[in-house]
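Chain by chain, the residues:
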Amino acid sequence: MSAKKLIAANWKMNGSRALVEAVVQQLTYLSPDVDVLLCPPATLLPLFPASRHYALGAQNLSEHEQGAYTGELSASLISETGASYVLVGHSERRQYYGETDQLVCLKMQQAVSSALTPVLCIGETLAERQQENTEQVIAKQLAAVYASHPELLANSVIAYEPVWAIGTGESATPEQAQATHAFIRKQLAQYDAEAAAKVRILYGGSVNAANCNALFAQADIDGALVGGASLKPSEFMQICQSAKD
Ligand code: 13P
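Residues numbered from 1 in each chain as written. Predicted model: local features only at pLDDT ≥ 70, side-chain atom pairs only at ≥ 80, totals over all residues. Heavy atoms only, no water.

## Examining the packing of helix 4 (residues 101-113) against helix 6 (residues 134-146)
Taken N-terminus to C-terminus, the directions of helix 4 and helix 6 make an angle of 45°; their axes are 8 Å apart at the nearest point. In terms of orientation, helix 4 and helix 6 fall into the oblique class. Crossing hand, helix 4 versus helix 6: right-handed. Residues Asp101, Val104, Cys105 and Met108 of helix 4 lie in contact with helix 6, whose contacting residues are Lys140, Gln141, Ala144, Val145 and Tyr146. Among the residues making up the contact of helix 4 with helix 6, the classes are represented as six nonpolar, one polar and two charged. (Axes fitted to C-alpha atoms, helices over the stretch in contact; angles between N-to-C directions. Helix = DSSP H or I, 4+ residues; strand = E, 2+ residues; numbered from the N terminus. Parallel < 35°, antiparallel > 145°, perpendicular 65-115°, else oblique. Left-handed = near helix turned anticlockwise from the far one by under 90°. Contact = heavy atoms within 4.5 Å. Nonpolar A, V, L, I, M, F, W, Y, C, P; charged D, E, K, R; others polar.)

Structure, rendered in structure tokens:
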């Protein structure tokens, strides 16, 4: 587990110039005891002034380095906006855009080869949890990347986002999340024990100012990936402040 927590905002397909300004303004008052990552739509990335208060990330990248792939963004194009992170394999990408584990692995490699830190998103659906397949699903999603490329782990952030908790208002309980995070760290140890002990594992899924404290108190929860609440600057700031050690 990492000393400093990381609070990441995933704006999804939301936001505006005005929201950029409001969030930048709020984060000016942020304490240095927490790391913050902002992942707005890629077109907004260049509007953020460089700041010691936050890092920037994209929400997706192409598995290709360059070429005739209309509408896609390569890792190096993302880097040139000033971003240093990228979300990979978000459940919405897996669900709506057919991203497979194999594609996710290629994207992870592209990210790291362009010095972007990938935030690998994993998590089970409601049906998978009800069938008690959570661990199996997660183990498979991790193996698809790290069994063949264990060297990626030292440069990764992991985000555990149970699909049933995303945008539903129903967060996993702190105990449920902790149990899965501990399982994730144990699984990762078989690929690189040293990196597994240090990798930041974020929880995502209906995180808000009211439930974040109990989540952050768990031993293996190293921060959060926040969707809806990250669109409200003062609530997002509250979540960031709660993550101070
Ligand atoms: P919500 O916080 O809106 O549930 O979204 C979580 C998420 O998908 C972040 O990537």
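The structure having been displayed, the exposition proceeds.
## Some thoughts on the site of the ligand
Around the ligand lies a shell formed by Asn10, Lys12, His90, Glu161, Ala165, Ile166, Gly167, Gly205, Ser206, Leu225, Gly227 and Gly228. Contacts to the ligand include His90, whose side-chain N or O atom sits 2.9 Å from an oxygen atom. In this structure, an oxygen atom belonging to the ligand sits 2.9 Å away from a main-chain N or O atom of Gly227. In the complex, 94% of the free accessible area of the ligand, which totals 310 Å², lies under the protein chains. (Near = heavy atom within 4 Å. Polar contact = N/O pair within 3.5 Å; in protein donor to acceptor, adjacent residues only side chain to side chain. Areas by Shrake-Rupley, 256 points an atom, 1.4 Å probe, with all protein chains shown as cover.)

## Observations regarding the layout of surface pockets
There is about 500 Å³ of room inside the largest pocket. What lines the largest pocket is a set of 18 residues, and nearest its centre among them are Lys12, Met13, Gln59, Asn60 and Arg93. Residue composition of the lining of the largest pocket, by class: eight nonpolar, six polar and four charged. For the second largest pocket, the calculated volume is near 310 Å³. Every residue lining the second largest pocket is counted, 19 residues in all, and those nearest its centre are Arg94, Gly123, Glu128, Val137 and Gln141. Looking at the lining of the second largest pocket, the elements that each hand over two or more residues are helix 3 (91-96), strand 5 (117-122) and helix 6. By residue class, the composition of the lining of the second largest pocket is four nonpolar, nine polar and six charged. (1 Å grid on protein atoms, 1.4 Å probe; cavity = no way out; pocket = protein on both sides within 12 Å on 5 of 7 lines; lining within 4 Å. Points joined across faces, edges and corners; volume = space filled by probe spheres on them.)

## What to know about the pairing of strand 5
Buried residues dominate strand 5, accounting for five of its six residues. Looking at chain direction, strand 4 (residues 85-88) and strand 5 are connected through four bridges and run parallel. Residue Leu87 lies in a different strand from strand 5, and its bridge partner there is Val119. Pairing of strand 5 with strand 6 (residues 157-160), which is carried by four bridges, proceeds in the parallel orientation. Its bridge partner being in strand 6, Cys121 is matched across the sheet by Ala159. (Buried < 20%, exposed > 50% of the residue type's maximum accessible area, 1.4 Å probe, protein only. Pairing = 2+ DSSP bridges.)

## Some words on the packing of aromatic side chains
Taken as a whole and judged by the stated rule, the model has four aromatic pairs. For the ring pair Trp11 and Phe48, a centre distance of 6.0 Å and an interplane angle of 55° mean the geometry is tilted. Separated by 37 residues along the polypeptide, Trp11 in the loop between strand 1 (5-10) and helix 1 (17-27) and Phe48 in the loop between strand 2 (34-39) and strand 3 (55-58) bring together distant segments of the chain. Of the two residues examined, Trp11 and Phe48, each falls in the buried class. Centre to centre, the rings of Tyr146 and Tyr191 are 6.4 Å apart; their planes meet at 35°, and the pair counts as tilted. With Tyr146 in helix 6 and Tyr191 in the loop between helix 7 (174-189) and helix 8 (193-198), the pair connects residues that are 45 residues apart, well separated along the chain. For the residue pair Tyr146 and Tyr191, the accessibility class agrees, reading buried in each case. Members of the aromatic cluster, each reached through a chain of ring pairs, are Trp11, Phe48 and Tyr54. (Phe/Tyr/Trp six-rings, centres within 6.5 Å; stacked < 30°, edge-to-face > 60°.)

## Description of the pattern of salt bridges
Taken as a whole and assessed by the stated rule, the structure comprises twelve salt bridges. The salt bridge partner of Arg94 is Asp101, with a shortest N-O separation of 2.8 Å. Judged by relative accessible area, Arg94 falls into the buried class, the value being 17%. According to the relative accessible area criterion, Asp101 is buried, its value standing at 13%. (Salt bridge = Lys/Arg side-chain N within 4 Å of Asp/Glu carboxyl O.)

## Re the pairing of strand 7 (residues 201-204)
Each regular strand shows side chains that alternate between the opposite faces of the sheet. Residue alternation in strand 7 divides its side chains into two sets, Ile201 and Tyr203 and Leu202 and Gly204, and both sets are buried. With three bridges joining them, strand 6 and strand 7 adopt parallel strand pairing. Residue pairing for strand 7: Tyr160 is matched across the bridge by Tyr203. As paired elements, strand 7 and strand 8 (residues 223-226) share two bridges and run parallel to each other. Paired with Gly204 across the two strands is Leu225, which belongs to strand 8.

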